[in-house]
Amino acid sequence: MAGAQHDPLNPEHLFHHVQDSTYFELPQLLGGKLEIPQPLQLANPILGPNPAAHLEAFDLTLTKFMVLQVVAAVGLILLFVPLAHRTVQGGRPRGRLTNLLEAMLLFIRDEVARPAIGKHDADRFLPYLWTLFFFVLACNLLGLVPWAGSATGALACTGMLALCSFAMVVGTGMSKLGAVGFWKAQVPHMDLPFVLAIFLLPMIFLIEVLGLLIKHIVLAVRLLANMMAGHLVLAVLLAFIAASAGSIAWYGVTPASVLGATALMLLELFVAFLQAYIFTFLTALFIGMAVHPH
Amino acid sequence: MNKLLFERVLFLGGFTLALLLLPRVAAAADPLAVDVDLAIWTAIVFLVTLAVLWKFAWGPICEGLERREQAIADNIATAENAAEEARKLTAEYEAKLAGAADEVRKVMEEARRDAEYTSQQIVEKAQAKAAEEGNRMLREVETAKDAALKEISDSAADLAVDLAGQIVGRELSVDDHSRLIEEAQSDFLSVQADGD
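Residues numbered from 1 in each chain as written. Chains lettered and ligands numbered in written order. Predicted model: local features only at pLDDT ≥ 70, side-chain atom pairs only at ≥ 80, totals over all residues. Heavy atoms only, no water.

Description of the overall build of chain B
Okay, so step 1: Of the regular secondary structure elements, chain B holds three helices and zero strands.
Okay, so step 2: Listed N to C, the secondary structure of chain B is α-α-α in terms of helices and strands.
Okay, so step 3: Looking at chain B as a whole, 14% of its 196 residues are labelled buried. (Helix = DSSP H or I, 4+ residues; strand = E, 2+ residues; numbered from the N terminus. Buried < 20%, exposed > 50% of the residue type's maximum accessible area, 1.4 Å probe, protein only.)

Below, the structure is given as structure tokens:
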């Protein structure tokens, strides 16, 4: 870390800004660090770290992203439970917040769920899609808050969300078409001679099932890459200031970096919404495909 | 246009920067590292949020939105019905109004005709009355004239008889007397008739 302090553009140091950690960064004035208490941490991990499999230690360590996820979850509950009280009472929707939230809810319902799944089935999946959208959005937006971070910049988070979507897709597909029917429906119907079918159908089945898996893995990686890359570029832009400190270039680099970082922040704000929308839209699409095969 | 260009430059710049940095970053730290703790934590937080929101937020919101949409649709339908009703009523009243004007015209016409008839009647009656009165007067005058003439003829006969009696004296018999009177009378009547 001593070396990193001397070179602000050291990748390790940069990457540290977008990574999960066991403490919150704070301004130097306030001590620089806020350690998260670790009441559960095990001395001997259940699963040791395995760099070859990209696995970190499984030892019940509490991290920044966990805290931020809880912040997002509590925030959502505090926003939407009162909204539900207002909405269920009837009458006109009043106030900016109510209209803002209802506009987003209706957008997900009318522009995402219903076109992708079909009017008849869509409403059953709305609670899942709404929760998914707002949870991802809240995590993304927390990444724009100073000293916080976006939990959606960790594969563990996006991967688990994608896994939930995958379980949702397979579960609804199997409950709709039957356990066997769902997997059979993965192979599109083709008029093939019997001999050809024996060879082709298992291969097509394999490709389709792999495709189903890959679609969900990509779901996780897309969100991860978008959130991580944006924050990384932001960190690099600001690191230029520290890198040029002490030289005459600093006077030129600083305004350019600040302007660039501000513009990038706005882009990130857009990306936060866009990626939450894409994640939700693709999940809805996959559910739609599972419910109505072909 | 400028804004779009700016955004593109920014995006491309950021993208290039990220591409250049990614291998260095990947070498320094693993962006695909999975923290099992975080994964499990994510699942728990996400599913608990889903459950809480499903029970306390999404259910009521779904119901509320559905109800509001229904209410708006109902209100629009009601308003359309009311407008249709109003249009029908207006047409009805307009027709009635036109009918009323016709009736008024008819009543006025009738009243005018009645008045004309009545006035004509009055004039006719007055004329008839006047004519009758005139006739009656004429008849009365005639009667009075006849009576006067008769009286004159009677008294003239009497006078003539008296005078003749005084002239002729007793030489005339009762028969002669009567004959003479009749002669004189018929003469007188014939004279009178000639005179008429």
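A few points about the overall build of chain A
Okay, so step 1: If you tally the helices and strands in chain A, you get nine helices and two strands.
Okay, so step 2: In chain A, the succession of α and β elements from N to C terminus is α-α-β-β-α-α-α-α-α-α-α.
Okay, so step 3: For chain A, the C-alpha atoms occupy an extent of roughly 75 × 60 × 45 Å along the three principal directions.
Okay, so step 4: Buried positions account for 45% of the 294 residues belonging to chain A.

A word on the nonpolar core
Okay, so step 1: By size, the foremost hydrophobic cluster in this structure holds 80 residues, and its most contacted members are Phe80 and Phe134 of chain A together with Trp58 and Ile61 of chain B.
Okay, so step 2: Contributions of two or more residues to this core are made by α2 (11-18), α3 (64-88), α4 (96-117), α5 (119-142), α6 (155-177), α8 (194-243) and α9 (250-291) of chain A together with α2 (36-168) of chain B.
Okay, so step 3: Looking at this core, the element that brings in the most residues is α5 of chain A, giving 15 residues.
Okay, so step 4: Sequence-distant contacts of phenylalanine 134 of chain A, that is, excluding residues within four places in its chain, are made with Leu76, Phe80, Met104 and Leu105 of chain A together with Trp58 of chain B. (Core = buried A, V, L, I, M, F, W, Y, C linked by side-chain atoms within 4.5 Å. Contact = heavy atoms within 4.5 Å.)

Here's the deal with a nonpolar patch on the surface
All names here are of chain A.
Okay, so step 1: Taken together, Leu206, Leu210, Leu213, Ile214, Ile217, Val218 and Val221 make up a surface patch of nonpolar side chains, about 590 Å² in accessible area.
Okay, so step 2: Note on placement: leucine 206 falls in helix α8.
Okay, so step 3: By relative accessible area, which is 56% here, leucine 206 ends up exposed. (Patch = residues over 30% accessible without salt bridge, like charges linked within 9 Å, V, L, I, M, F, W, Y side chains within 5 Å. Areas by Shrake-Rupley, 256 points an atom, 1.4 Å probe, with all protein chains shown as cover. Salt bridge = Lys/Arg side-chain N within 4 Å of Asp/Glu carboxyl O.)

What to know about the interface of chain B and chain A
Okay, so step 1: Listed per partner, the contact involves 45 residues of chain B and 62 residues of chain A.
Okay, so step 2: Carbon and sulfur atoms supply 77% of the area that chain B and chain A bury against each other, a total of about 5,000 Å² over both sides.
Okay, so step 3: Taken as a group, Asp37, Phe46 and Trp58 of chain B account for 14% of the area that chain B buries against chain A, more than any other trio of residues on that side.
Okay, so step 4: Taken together, the connections running from chain B to chain A amount to two salt bridges.
Okay, so step 5: A salt bridge links arginine 109 of chain A to glutamate 69 of chain B, with the nearest nitrogen and oxygen atoms 2.3 Å apart.
Okay, so step 6: At the junction of chain B and chain A, the tally comes to ten residue pairs in polar contact (both at pLDDT 80 or more).
Okay, so step 7: Of all the secondary-structure elements, those providing two or more residues to the side of chain B that touches chain A are α1 (2-28) and α2 of chain B.
Okay, so step 8: Broken down by element, the residue count for the side of chain B that touches chain A peaks at 28 residues, all from α2 of chain B.
Okay, so step 9: Counted by class, the side of chain B that touches chain A contains 32 nonpolar, four polar and nine charged residues. (Buried area = accessible area lost by both parts, 1.4 Å probe. Polar contact = N/O pair within 3.5 Å; in protein donor to acceptor, adjacent residues only side chain to side chain. Nonpolar A, V, L, I, M, F, W, Y, C, P; charged D, E, K, R; others polar.)

Comments concerning the packing of aromatic side chains
Okay, so step 1: This structure, assessed with the given rule, holds eleven aromatic pairs over all chains.
Okay, so step 2: On the numbers, 5.0 Å between centres and 85 degrees between planes, the contact of phenylalanine 133 of chain A with phenylalanine 134 of chain A is edge-to-face.
Okay, so step 3: Residue phenylalanine 134 of chain A is classed as buried on the basis of its relative accessible area, which comes to 3%.
Okay, so step 4: Within the aromatic cluster, the residues linked to one another by ring pairs are Phe80, Trp130, Phe133 and Phe134 of chain A together with Trp58 of chain B.
Okay, so step 5: In this arrangement the basic side chain of lysine 33 of chain A is found over the ring face of tyrosine 23 of chain A, its NZ or CZ atom lying 4.4 Å from the centre. (Phe/Tyr/Trp six-rings, centres within 6.5 Å; stacked < 30°, edge-to-face > 60°. Lys NZ or Arg CZ within 6 Å of the ring centre and 35° of its normal.)

Quick word on the packing of α4 of chain A against α5 of chain A
The relative placement of two packed helices comes down to the angle between their axes together with the axis-to-axis distance.
Residues and elements named next belong to chain A.
Okay, so step 1: Two elements in contact, α4 and α5, have axes whose closest approach is 8 Å; the angle formed by their N-to-C orientations is 130 degrees. The angle between α4 and α5 places the two elements in the oblique class. The chirality of how α4 crosses α5 is right-handed. Contact residues: α4 offers Met104, Leu105, Ile108, Arg109, Ala113, Arg114 and Ile117, while α5 offers Lys119, Asp121, Ala122, Asp123, Phe125, Leu126, Leu129, Trp130, Phe133, Phe134 and Leu137.
Okay, so step 2: Split by residue class, the contact of α4 with α5 holds 13 nonpolar, no polar and five charged. (Axes fitted to C-alpha atoms, helices over the stretch in contact; angles between N-to-C directions. Parallel < 35°, antiparallel > 145°, perpendicular 65-115°, else oblique. Left-handed = near helix turned anticlockwise from the far one by under 90°.)

Quick word on the pattern of salt bridges
Pairs can form between side chains of opposite charge once their charged atoms are near each other.
Residues and elements named next belong to chain B.
Okay, so step 1: Inspection of the entire model under this criterion finds 17 salt bridges over all chains.
Okay, so step 2: Salt-bridge contacts for arginine 136 lead to glutamate 140; the nearest nitrogen and oxygen are separated by 2.8 Å. Placement of both arginine 136 and glutamate 140 in helix α2 is noted, with a separation of four residues, approximately one turn of the helix.
Okay, so step 3: With a relative accessible area of 45%, glutamate 140 lands in the partly exposed category.

What to know about unusual backbone geometry
All names here are of chain A.
Okay, so step 1: Residue leucine 60 is not a glycine yet carries a positive backbone phi of 60 degrees.
Okay, so step 2: Residue position: leucine 60 is located in the loop between β2 (33-35) and α3.
Okay, so step 3: Residue leucine 60 is classed as partly exposed on the basis of its relative accessible area of 32%.
Okay, so step 4: Positive phi outside glycine occurs at tryptophan 147, with the angle close to 70 degrees.
Okay, so step 5: Assignment of secondary structure puts tryptophan 147 in the loop between α5 and α6.

Brief notes about the environment of leucine 196 of chain A
Okay, so step 1: Secondary-structure assignment places leucine 196 of chain A in helix α8.
Okay, so step 2: Since its relative accessible area comes to 43%, leucine 196 of chain A is described here as partly exposed.

Side note on the environment of glutamine 89 of chain A
Okay, so step 1: Considering the arrangement of structural elements, one finds glutamine 89 of chain A in the loop between α3 and α4.
Okay, so step 2: Counting along the chain gives 190 residues from glutamine 89 of chain A to phenylalanine 279 of chain A, while the straight-line C-alpha distance between them is 32 Å.

Some details on the side chain of aspartate 121 of chain A
Residue and element names in this part refer to chain A.
Okay, so step 1: With respect to the secondary-structure elements, aspartate 121 resides in helix α5.
Okay, so step 2: Note on aspartate 121: relative accessible area 5%, which makes it buried.
Okay, so step 3: Here aspartate 121 is in contact with Lys176, Val291 and His292, once residues within four sequence places are set aside.

Details of α4 of chain A
Residues and elements named next belong to chain A.
Okay, so step 1: In this model α4 runs 30 Å from its N-terminal to its C-terminal C-alpha over 22 residues, within 8% of the 32 Å that 1.5 Å per residue would give.
Okay, so step 2: At arginine 109, α4 shows its largest bend, some 25 degrees.
Okay, so step 3: Where α4 is concerned, the buried positions are Thr98, Leu101, Glu102, Met104, Leu105, Ile108, Arg109, Val112, Ala113, Arg114, Ala116 and Ile117.
Okay, so step 4: Taken from the residues just after α4, glycine 118 is the one with a positive phi, measuring 100 degrees. (Expected span 1.5 Å × (residues − 1). Bend = angle between axes of the 7 residues up to and from the residue.)

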